[in-house]
Amino acid sequence: MFDSQENSTYQLEPVEDNQFVLNLGPQHPGTHGVLRVILHMDGEYILTADPVLGYGHRMQEKIAENMPYTQILPYMARMDYLAALSFNQAWVCVVEKMCGYEVPRRAEYIRVLTTELNRISSHYLWFGAFLLDLGAFTPFLHAFADREMILDLLEEVTGSRLTYCYFRFGGVSSDVDDSFLQGVQDFVEHMRSHLKTYHELVTGNVIFQMRTKDVGVILPFDTWGYGLSGPVLRGSGEKYDVRISEPYSIYPELDFEIPVERDGDCLARYMVRMREVEESLNIIQQTLDKMPDGPVRSKVPKIIKPPAGEACMAVETPRGELMIHVVSDGTKVPYRVRYRVPSFGNLSVFSRLAKGQLLADALAVLGSLDLVIPEVDR
Amino acid sequence: MTFIEETLEGLDISVEYPDSALTGIDAQAEVSVEQIRPLSRTLFYAGLFLESVSAIDLIADEIIEGVYLFNHYEQHVRLKITMKTDRTTPKFPTIGDIYPGAVWHEREAGEFFGIDFEGSKDKRNLLLPVETTFHPLRKDFKRPEQAGKIQ
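Presented here is a report on the structure given in the accompanying data block. Just so it is clear, the model here is predicted, and its values are computed rather than measured.

Rules used throughout
Residues numbered from 1 in each chain as written. Chains lettered and ligands numbered in written order. Predicted model: local features only at pLDDT ≥ 70, side-chain atom pairs only at ≥ 80, totals over all residues. Heavy atoms only, no water. Contact = heavy atoms within 4.5 Å. Buried area = accessible area lost by both parts, 1.4 Å probe. Salt bridge = Lys/Arg side-chain N within 4 Å of Asp/Glu carboxyl O. Polar contact = N/O pair within 3.5 Å; in protein donor to acceptor, adjacent residues only side chain to side chain. Helix = DSSP H or I, 4+ residues; strand = E, 2+ residues; numbered from the N terminus. Nonpolar A, V, L, I, M, F, W, Y, C, P; charged D, E, K, R; others polar. Axes fitted to C-alpha atoms, helices over the stretch in contact; angles between N-to-C directions. Parallel < 35°, antiparallel > 145°, perpendicular 65-115°, else oblique. Left-handed = near helix turned anticlockwise from the far one by under 90°. Buried < 20%, exposed > 50% of the residue type's maximum accessible area, 1.4 Å probe, protein only. Pairing = 2+ DSSP bridges. Disulfide = S-S within 2.5 Å. Core = buried A, V, L, I, M, F, W, Y, C linked by side-chain atoms within 4.5 Å.

## Structural notes on the interface of chain A and chain B
Move 1: With 50 residues of chain A at the contact, the number on the chain B side is 60 residues.
Move 2: Here chain A meets chain B over a buried area of about 4600 Å², counting both sides, of which 59% is carbon and sulfur.
Move 3: Viewed at the interface, chain B and chain A are joined by seven salt bridges.
Move 4: Between Lys 139 of chain B and Glu 65 of chain A there is a salt bridge; the shortest N-O distance is 3.2 Å.
Move 5: Our enumeration of links across chain A and chain B arrives at 21 residue pairs in polar contact (both at pLDDT 80 or more).
Move 6: Secondary-structure elements contributing two or more residues to the side of chain A that touches chain B are strand 3 (45-52), helix 1 (60-65), helix 8 (220-225), strand 6 (309-317), strand 7 (320-328), strand 8 (336-340), helix 12 (342-348) and helix 15 (373-377) of chain A.
Move 7: The residue inventory of the side of chain A that touches chain B, partitioned by class, reads 21 nonpolar, 12 polar and 17 charged.

Quick look at the structure:
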């Protein structure tokens, strides 16, 4: 069952004189999770970077082959613990698509409202952690104080703080009340004014600019060659966002921009995410204004048996395009489930970007990719 | 003429167009093993990005079906390419030298299904431990009694 093959191991010996192998991780604050990178170094410069994955591997695709559709739902949040609601949404949407379930309007609005809140909280955690990588501690405290407000709001409706399991087939598990909506309104107003502090504190800072400008530039060929998506892609000038390209839920009815930057460096990726926060605030404001009354859950059968066939469903998570491909054989467990996770593609470009960089710059690049390792490992 | 028809012109591939509102797939085609490399080169120069390389174990028919999903940043067409291989010694040609991002997808499909991606420079396991030789996504996979015990 297990045997060691000669070509299956990782190169850990120095290639030439004056060179050395540096093992980064699996436990390292710069990798944001259990990621190990084997670096071949020449002094402070990286010759090759070889990421080693699988420390958080749980074989989610096999788990999904052995479970009824309903029971797979809680596993979604465990893949990307920072954007659990986006993953929730992808799974409920793909099953709704296969079975043709209707979703009440109010439920769609609640879904978009909570998912966008989740997107902001994910971007704030990234903001804090990224700046921490670059050596700035204060922004982290600002970001986490604001993120705490979102977690409190979402805890009120979903019952959990991170690994939400709030969406159901044909709706959401519970309705939101007026105090939650008022709380979101207050948060949006607070954030619109407080976002200026972020920009004053970080964006214009000379040290920050020098650490991120022209560092880790993604070339045009690499964007589609590596299958990049999300802010990493939009920082390189491609205007691709699943919310626009394959509209789902109520996004076609909402008015929002897709921020795009052309430079492709760490600063561009930073700017895209910060502008996305503003757009998410716009979306939240619109859903608050238009929130319809009515039921939040339609009637769906207890045992879900999609007809034989297949379906793909893509959603935009804070990190990019998540696509779930389900093949059903008409029974109550899926025949095959394939998760195409955004961080997988975004991490695979790292070896290319790190080549020839200083070690400190490579950590800035790694931070700017906004990786969630359990999502890559699944 | 749709974008996909224009792109695949002259490649002798018959494309079907399933209902994308129901399946999320805009175009699909089954190709032979020899066609995948010229096809993916065409797709790369047309600017399609690689969403996923994976497989399905169709144990009843004794075949493994490779599933390649492509999409385009501006045209927004999801193209599904499938090809079949024998289940006992599954082999596909690599597209890792055309799409650099495919290398990791192929490593993953290789370890999960035991598919040999011929010509690939990197065939190490990606997510499973490097010594592992079982293929968990095969339908006849049984959990080894000492799965946790890795030398």
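Resuming the write-up.
## Thoughts on the packing of helix 6 (residues 178-203) of chain A against helix 11 (residues 266-290) of chain A
All names here are of chain A.
Move 1: At their nearest, the axes of helix 6 and helix 11 sit 10 Å apart, and the two run at 160 degrees to each other. In terms of axis orientation, helix 6 runs roughly antiparallel to helix 11. For the pair helix 6 and helix 11, the crossing hand works out as left-handed. Along its contact with helix 6, which presents Leu 181, Val 184, Gln 185, Phe 187, Val 188, Met 191, Arg 192, Leu 195, Tyr 198, His 199, Val 202 and Thr 203, the element helix 11 presents Tyr 270, Met 271, Met 274, Val 277, Glu 278, Leu 281, Asn 282, Ile 284, Gln 285 and Leu 288.
Move 2: A breakdown of the residues in the contact of helix 6 with helix 11 according to their chemical character gives 15 nonpolar, five polar and two charged.

## Focus on the pairing of strand 2 (residues 36-42) of chain A
All names here are of chain A.
Move 1: Burial runs high along strand 2: six of the seven residues are buried.
Move 2: Relative to strand 3, strand 2 runs antiparallel, the two being bridged by seven bridges. Pairing of Met 41 across the sheet is with Ile 46, part of strand 3.
Move 3: Counting the residues in the hairpin turn of strand 2 and strand 3 gives two residues, including Gly 43, whose phi is positive at 65 degrees.

## Topic: the state of the cysteines
All names here are of chain A.
Move 1: In total, this model carries zero disulfides over all chains according to the counting rule given.
Move 2: Cys 93 takes part in no disulfide bond, and the closest cysteine sulfur to it belongs to Cys 99, at a distance of 12 Å.
Move 3: Overall, the relative accessible area of 22% leaves Cys 99 in the partly exposed class.

## Points about the sheet that holds strand 6 of chain A
Residues and elements named next belong to chain A.
Move 1: What the three strands build is an open sheet, ordered 6-7-8; its pairing is antiparallel. Both outer strands of the open sheet, strand 6 and strand 8, are each paired with one neighbouring strand and no more. Mean inter-strand twist for the sheet, computed between neighbouring axes without regard to direction, equals 10 degrees.
Move 2: With nine bridges connecting them, strand 6 and strand 7 associate as antiparallel partners. In the strand pairing of strand 7, Cys 312 is matched with His 325.

## Looking at the nonpolar core
For soluble globular proteins, nonpolar side chains are generally found buried alongside one another.
Move 1: By size, the foremost hydrophobic cluster in this structure holds 162 residues, and its most contacted members are Trp 91, Tyr 270, Ile 324 and Phe 350 of chain A together with Tyr 68, Phe 70 and Tyr 99 of chain B.
Move 2: Counting residues per element, this core draws most heavily on helix 4 (residues 105-133) of chain A, which supplies 11 residues.

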